[in-house]
Amino acid sequence: MTYYHRLHPWAIVRLLPKMQRVVVGRFRNRSDAEGHLKALKRLMPDAEFVIVFDVGDLPRDEES
């Protein structure tokens, strides 16, 4: 996970047919993501979006 992605864990994802998805934007906090989502819904009312918290790859515990 890049440094930018660690600083911006909230993402807006557009859901597409056939289980495809596109990350529309990344944000530092959920409030910013929700505000952007409202604008997107006004501009594209038929599109489906979700807000997700991207934790990235979590470190695995190595077995001893």
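Residues numbered from 1 in each chain as written. Predicted model: local features only at pLDDT ≥ 70, side-chain atom pairs only at ≥ 80, totals over all residues. Heavy atoms only, no water.

**Comments concerning the pattern of salt bridges**
Part 1 of the argument: The tally for this structure, following the rule as stated, stands at 2 salt bridges.
Part 2 of the argument: The closest approach of N and O atoms between Glu34 and Arg30, which form a salt bridge, is 2.8 Å. Residue Glu34 and its partner Arg30 are located together in helix H2 (residues 30-43), separated by 4 residues, close to a single helical turn.
Part 3 of the argument: In this structure Arg30 comes out as partly exposed when scored by relative accessible area, which is 38%. (Salt bridge = Lys/Arg side-chain N within 4 Å of Asp/Glu carboxyl O. Helix = DSSP H or I, 4+ residues; strand = E, 2+ residues; numbered from the N terminus. Buried < 20%, exposed > 50% of the residue type's maximum accessible area, 1.4 Å probe, protein only.)

**Some details on the sheet that holds strand E3 (residues 48-53)**
Part 1 of the argument: The sheet built from 3 strands is open, its strands ordered E2-E1-E3 with antiparallel pairing. Looking at the sheet topology across the chains shown, the edges are occupied by strand E2 (20-27) and E3. Strand-to-strand twist in this sheet, taken as the mean axis angle between neighbours without regard to direction, amounts to 30 degrees. (Pairing = 2+ DSSP bridges. Axes fitted to C-alpha atoms, helices over the stretch in contact; angles between N-to-C directions.)

**Thoughts on the confidence of the model for the chain**
Part 1 of the argument: Mean pLDDT for the chain: 89, with 88% of residues reaching 70 or above.
Part 2 of the argument: Within the chain, H2 carries the highest mean pLDDT (97), whereas helix H1 (residues 3-7) carries the lowest (78). (pLDDT = per-residue confidence, 0-100.)

**Some remarks on unusual backbone geometry**
Part 1 of the argument: A positive phi angle, close to 60 degrees, is found at Lys18, a residue other than glycine.
Part 2 of the argument: Relative to the elements of secondary structure, Lys18 occurs in the loop between strand E1 (10-16) and E2.
Part 3 of the argument: Accessibility expressed as a relative area gives 77% for Lys18, which makes it exposed.
Part 4 of the argument: A positive phi is found at Met19, a non-glycine position, where the angle reads about 60 degrees.
Part 5 of the argument: Summarising the element assignment, Met19 is placed in the loop between E1 and E2.

**Thoughts on the environment of Ala11**
Part 1 of the argument: Tracing the backbone through its elements, the reader meets Ala11 in strand E1.
Part 2 of the argument: In this structure Ala11 comes out as buried when scored by relative accessible area, which is 2%.
Part 3 of the argument: Distance in space between the C-alpha atoms of Ala11 and Gly25 is 5.6 Å, their sequence separation being 14 residues.
Part 4 of the argument: Not counting residues within four places of it along the chain, the set of residues in contact with Ala11 comprises Val23, Gly25, Arg26, Val50, Ile51 and Val52. (Contact = heavy atoms within 4.5 Å.)

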